[in-house]
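Breakdown of the fold
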Amino acid sequence: MPPPRILALLLCFSSLSSAAGALTFEEAEKAMLAANPQAASASLDLEAARLRVTAARAGFYPSFSASASYSRSGSQGLPAGDSYGYGFSGSQPLFAPSVPAALSSAKASLRMTEAAYDRTASALRFQLKSAFADILNARETLKLSAETLKRRAENLELIRLKYQAGRENKAALLETEAVLKTAQWQHERYRKNLRLLERKLNRLLGRPAQSPAPELALEPTPGPPEDFSVFAQRLENHHALRSARAAVDSAAASLAGAKGARLPDASASGSYRWSGADWPASLNSWSLGASLSLPLFSGGRLSADLSAAKTALRSSEADLKNAGDEINLNAEDAFLSWREASAYMDVAKSSLDAAEARAWLVRKQYLAGQTSYFEWRNVEEQLISEQNQYLAAGRGLITSHAAFTQALGE
C-alpha cells in the first residue's frame, strides 16, 4: 500500500499550480498565440481583411494621377523630331452605388475573418489545456508508477522469503517476478508517453520540439453551476454566431450591389496637359466635366444577379438560425459532460479511499498468514487500478471544462 505522501499527489493536478517558477496556462497561451503557425496565419488574414476595408473605403475619395509620354520619330531624308506630353488628371465619384456596397461587403468580410481568428484561437486554447492536462496526468502517473515499481520489488522479496521458508508456492514467486517485470515495462511506456506529450506541447508553443518541457501550473477547475442558462449571454458572442451574422451582412451587401447595378453612375473629372515638340515650350490644354452612365440592356445579367443575391441572402439567414441552434445544443451537451465529469470525481475518490483501506487490511492479513497470496494480489491490482482511474478522472474534469469553454466560443 502506498504511503500517504503518494495519495496526496492524487488529489488533483491543480494542486501543482503553486509551484514556483512553473509556466502558467495564461503565460503559455500568450506564447502560443504569438508563436504558433496557425495563430500567425489567422492573424495575418485578419490584417489583410482590415487593409481590404481601407481599400474599399478609398472608393469614396477623389483619385489623382500623373502621366508623361515621349517619342522620337522621323522619315527618310528628313530630320527626326521629338514629341512629348505630360499632365495631371483627377476624378471624383458623385453617385456610385457599387462603392458603399463594396465597403459593406469588406466590413462583413472583416467580421468573418475576426470570427475565424477567434475560432482558431479557441481551438488552440483547447489543445493547450488538453496538453496541460495530459502532461500533468502523465507526470503524476509516472510518479505513481515509480512507487508501484518500488512496491512490486518489495513484494517480490517478501514472496521470495516466504517461498524459501516453505510458506509460499513457486507459482506465486514466478507470478510476482512477472508482475515486477510488467511494472518495469509499464514504467518505460509511461516515460515514453510523457516525452511525446511534452514534444506536442513544445510544438504548440512554437518551441523546438526536442527542448525540455517546463514545469506546468494549472488553476483549479471550477465547479459547474446548476443551471446552463447562466451562460446564455456569453453564447451571443460565439465566433460561429458572429460569422453567420457577418455572412448575412455580406449577402445583404451583395444584394445592395446587385440593386445598385441597375442605377446610374455619375462622376466628375478634370485634367491639365502640356504637349509639344520642343522642351520646355509647349501647348497646354485642360478639361473639366462630368459623366453619367445608365445600363439599358444586359441580356438578363442584372436581373439574374439580383435574383441570385436575394436567394443567397435567404440562405445565409437560414444558416444563421441553424448556427444559433447548433451552438446552444453543443454548449449544453458540453455543460452536461462537465457536470458528469465533476460528479465522477467524487465517485473515483470514494472508490480510491475504499481500495486503499482494503489493500492495507489485506496486506496485514497476508503478513499474518490469515489470507492467501491470490487475494492479496487481486486487492493490490485493484488499488493500482483505482489510483490510475482517479488520475484519469482528474484529467477528464480538466478536459471537459476546456471543451465546454470551447463550446462557448472562448
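Predicted model, so just to flag it, every value in this text is computed and none were measured.

**Let's talk about the pattern of salt bridges**
The full count for this structure, using the stated rule, is 22 salt bridges. A salt bridge links E29 to R125; its shortest N-O distance comes to 2.5 Å. Of this pair, E29 sits in helix α2 (residues 25–35) while R125 sits in helix α4 (residues 98–164), and the two are 96 residues apart along the sequence. Here D325 and K321 are joined by a salt bridge, their closest N and O atoms 3.4 Å apart. Here the residue D325 and the residue K321 both occupy positions in helix α8 (residues 301–367), the gap between them amounting to four residues, near one helical turn. D325 sits in the partly exposed class, given a relative accessible area of 40%. For K321, a relative accessible area of 58% gives the class exposed. Several salt bridges share partner residues, and in doing so they unite R139, R195, E198 and E215 into one network.

**Examining helix α3 (residues 37–57)**
Over its 21 residues, α3 extends 31 Å from the first C-alpha to the last, a length consistent with the 30 Å expected when each residue adds 1.5 Å. Residues of α3 that are buried make contact with α2 and α4. Two to three positions downstream of the cap, the backbone nitrogen of Q38 sits 2.9 Å from a side-chain oxygen, assigning the N-cap of α3 to N36.

**Overview of the packing of α4 against α8**
Their axes nearest at 12 Å, the elements α4 and α8 cross at an angle of 25 degrees. Taken together, α4 and α8 sit at an angle that is classed as roughly parallel. In the packing of α4 onto α8, the handedness of the crossing is left-handed. In contact with N155, L158, I159 and K162 of α4, α8 contributes R363, Y366 and L367. The residue makeup of the contact of α4 with α8, split by class, is four nonpolar, one polar and two charged.

**What about a positive patch on the surface?**
A cluster of basic residues, K259, R262, K310 and R314, forms a positive patch at the surface. When you line up the elements, R314 lands in helix α8.

**Section: the nonpolar core**
I159, F228, F231, W376 and F404 are the most contacted members of the largest nonpolar core, which totals 33 residues. Elements with a minimum of two residues in this core: α4, α5 (170–204), α8 and α9 (373–407). Top contributing element to this core by residue count: α8, with 13 residues. In contact with F404, other than residues within four places in its own chain, are F228, F231, A331, A334, F335 and W338. Within the second largest apolar cluster, 22 residues are counted, among which are A39, L128, L216 and L218.

**Some points on the sheet that holds strand β5 (residues 265–276)**
Pairing is antiparallel in the open sheet, where four strands are placed in the order β2-β3-β5-β6. Each having just a single partner strand, β2 (63–73) and β6 (283–293) make up the two edges of the open sheet. The average undirected angle you get between the axes of adjacent strands in this sheet is 15 degrees. Both strand β3 (residues 81–95) and β5 contribute to a ladder of 11 bridges, which runs antiparallel. By the bridge assignment for β5, F95 is matched with A266.

**Quick notes on the environment of L136**
Along the chain, the position of L136 falls in helix α4. Residues L136 and G394 lie 258 residues apart in sequence; the distance between their C-alpha atoms is 9.8 Å.

**Section: the layout of surface pockets**
Approximately 260 Å³ is the volume attributed to the largest pocket. Around the largest pocket sit 17 residues that line it, and F25, K129, H401, A402 and T405 are the ones nearest its centre. Those elements that provide at least two residues to the lining of the largest pocket are α2, α4 and α9. Top element by residues in the lining of the largest pocket is α9. It accounts for five residues.

Rules and cut-offs
- Residues numbered from 1 in each chain as written.
- Predicted model: local features only at pLDDT ≥ 70, side-chain atom pairs only at ≥ 80, totals over all residues.
- Heavy atoms only, no water.
- Salt bridge = Lys/Arg side-chain N within 4 Å of Asp/Glu carboxyl O.
- Helix = DSSP H or I, 4+ residues; strand = E, 2+ residues; numbered from the N terminus.
- Buried < 20%, exposed > 50% of the residue type's maximum accessible area, 1.4 Å probe, protein only.
- Expected span 1.5 Å × (residues − 1).
- Contact = heavy atoms within 4.5 Å.
- Polar contact = N/O pair within 3.5 Å; in protein donor to acceptor, adjacent residues only side chain to side chain.
- Axes fitted to C-alpha atoms, helices over the stretch in contact; angles between N-to-C directions.
- Parallel < 35°, antiparallel > 145°, perpendicular 65-115°, else oblique.
- Left-handed = near helix turned anticlockwise from the far one by under 90°.
- Nonpolar A, V, L, I, M, F, W, Y, C, P; charged D, E, K, R; others polar.
- Patch = residues over 30% accessible without salt bridge, like charges linked within 9 Å, V, L, I, M, F, W, Y side chains within 5 Å.
- Areas by Shrake-Rupley, 256 points an atom, 1.4 Å probe, with all protein chains shown as cover.
- Lys, Arg positive; Asp, Glu negative; His and termini not counted.
- Charge placed at Lys NZ, Arg CZ, Asp CG, Glu CD.
- Core = buried A, V, L, I, M, F, W, Y, C linked by side-chain atoms within 4.5 Å.
- Pairing = 2+ DSSP bridges.
- 1 Å grid on protein atoms, 1.4 Å probe; cavity = no way out; pocket = protein on both sides within 12 Å on 5 of 7 lines; lining within 4 Å.
- Points joined across faces, edges and corners; volume = space filled by probe spheres on them.

These results come straight from atomic positions and should not be treated as a statement about function.
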